[in-house]
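Architecture and fold: a report
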Amino acid sequence: MHPETELAVDAFRAGASGYLLKVSPAEELITAIQQVALGRAYVTTLLSKDLITLLIEAAQKSPTGGTALTPRQREVVQLIAEGRTMKEVAAILHISPRTAESHKYEIMQALGVDTTAALIQYAVRAKLVAE
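Described in the following lines is the structure provided in the data block. Since this is a predicted model, take the numbers as computed values, not measurements. (Residues numbered from 1 in each chain as written. Predicted model: local features only at pLDDT ≥ 70, side-chain atom pairs only at ≥ 80, totals over all residues. Heavy atoms only, no water.)

Comments concerning helix α6 (residues 97-111)
Operational definition: Secondary structure elements follow DSSP: runs of H or I of four or more residues count as helices, runs of E of two or more count as strands, with numbering from the N terminus. In this analysis, the expected span of each helix is defined as 1.5 Å times one less than the number of residues it contains. Buried residues are those whose accessible area, probed at 1.4 Å on protein chains only, stays under 20% of the maximum for their type, while exposed residues exceed 50% and partly exposed ones sit between those limits. Our arc is simply the arc of the directions from the helix axis toward the C-beta atoms. Two residues qualify as a contact provided that any one of their heavy atoms is within 4.5 Å of a heavy atom in the partner residue.
Taking 1.5 Å as the rise per residue, α6 with 15 residues should run 21 Å; its terminal C-alpha atoms sit 21 Å apart, in good agreement. All buried positions along α6 are accounted for by Ala 100, His 103, Lys 104, Ile 107 and Met 108. On an axial view of α6, the arc spanned by its buried residues comes to 130°, and they lie on one face. Facing away from the buried side of α6 by over 90 degrees, the exposed positions are Arg 98 and Tyr 105. Taken together, the buried residues of α6 touch α4 (71-81), α5 (86-93) and α7 (116-125). Gly 112, located one to two residues past α6, shows a positive phi value of around 70°.

What to know about the nonpolar core
Which entries qualify depends on this criterion: Residue types Ala, Val, Leu, Ile, Met, Phe, Trp, Tyr and Cys, when buried and joined through side-chain atoms within 4.5 Å, form a set referred to as a nonpolar core.
If you look at the biggest cluster of nonpolar residues, it comprises 22 residues, and the most contacted ones within it are Val 77, Val 89 and Leu 119. Among the elements of the structure, α4, α5, α6 and α7 are those that each provide at least two residues to this core. Beyond its immediate sequence surroundings of up to four residues, Leu 119 is in contact with Val 77, Ile 80, Lys 104, Ile 107, Met 108, Leu 111 and Val 113.

Examining the pattern of salt bridges
Heads up, the rule is: Within this document, salt bridges are pairs made up of a side-chain nitrogen of Lys or Arg and a carboxyl oxygen of Asp or Glu, the two lying within 4 Å of each other.
For the coordinates displayed, the defined rule picks out 2 salt bridges. Across the salt bridge formed by Asp 10 and Arg 13, the nearest N and O atoms sit 3.9 Å from each other. One end of the pair is Asp 10 and the other is Arg 13, both in helix α1 (residues 5-13) and 3 residues apart, which spans about a single turn. According to the relative accessible area criterion, Asp 10 is partly exposed, its value standing at 39%.

Overview of the packing of α6 against α7
For any two helices packed against each other, one specifies the inter-axial angle together with the distance between the axes. Using the following cut-off: Working convention: axes come from line fits to C-alpha atoms, limited for helices to the stretch in contact. Angles between N-to-C directions cover 0 to 180 degrees. Throughout, the term roughly parallel applies to angles under 35 degrees, roughly antiparallel to angles over 145, roughly perpendicular to angles from 65 to 115, and oblique to all others.
For the pair α6 and α7, the least separation of the axes is 11 Å and the interaxial angle reads 70°. Between α6 and α7, the crossing angle belongs to the class labelled roughly perpendicular. Two secondary-structure elements touch here, α6 through Lys 104, Ile 107, Met 108 and Leu 111 and α7 through Thr 116, Leu 119 and Tyr 122.

Side note on unusual backbone geometry
With a phi close to 55°, His 94 is a non-glycine residue in the positive phi region. With respect to the element layout, His 94 can be found in the loop between α5 and α6. Relative accessible area serves as the criterion here: at 73%, His 94 is assigned to the exposed category. Within the chain, Lys 127 stands out as a residue other than glycine whose phi angle is a positive 60°.

What to know about α5
Buried residues of α5: Met 86, Val 89, Ala 90 and Leu 93, and no others. Down the axis of α5, the sector holding all buried residues measures 100°, keeping them to one side. Seen from the open side of α5, the exposed residues pointing more than 90 degrees away from its buried face are Lys 87 and Ala 91. Contact partners of the buried residues in α5: α4 and α6. Backbone geometry just after α5 places His 94 at a positive phi near 55°.

Digging into the environment of Glu 106
As for its placement among the helices and strands, Glu 106 is situated in helix α6. You can call Glu 106 partly exposed: its relative accessible area is 41%.

In structure tokens, the structure reads:
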């Protein structure tokens, strides 16, 4: 629909299986339908290079790369994943509860997660806590 790569990413996050542009040729629409019918994802070739660039950038920020969070943010995530309350996190790190909440919010924004459960899943995948 739209040539902005971020819109394609948003569409896939929302559950889309394929993404084409209005200017995509009719033959590509047929190919996309066939691929999706086979259970595969399809992205127009007009956006594939940009999407690959986004994937590479995201991989560099992944839990295995360890570059997404600062050391302090990693401490906060670890404590949350260990089941600590925000008041406990604040006391352990000698910061205010409001600062601890701010760290949590910034971490969730940086990782693109919406829930504490997703944040804990990140901590497990990043090996910040034992499974």
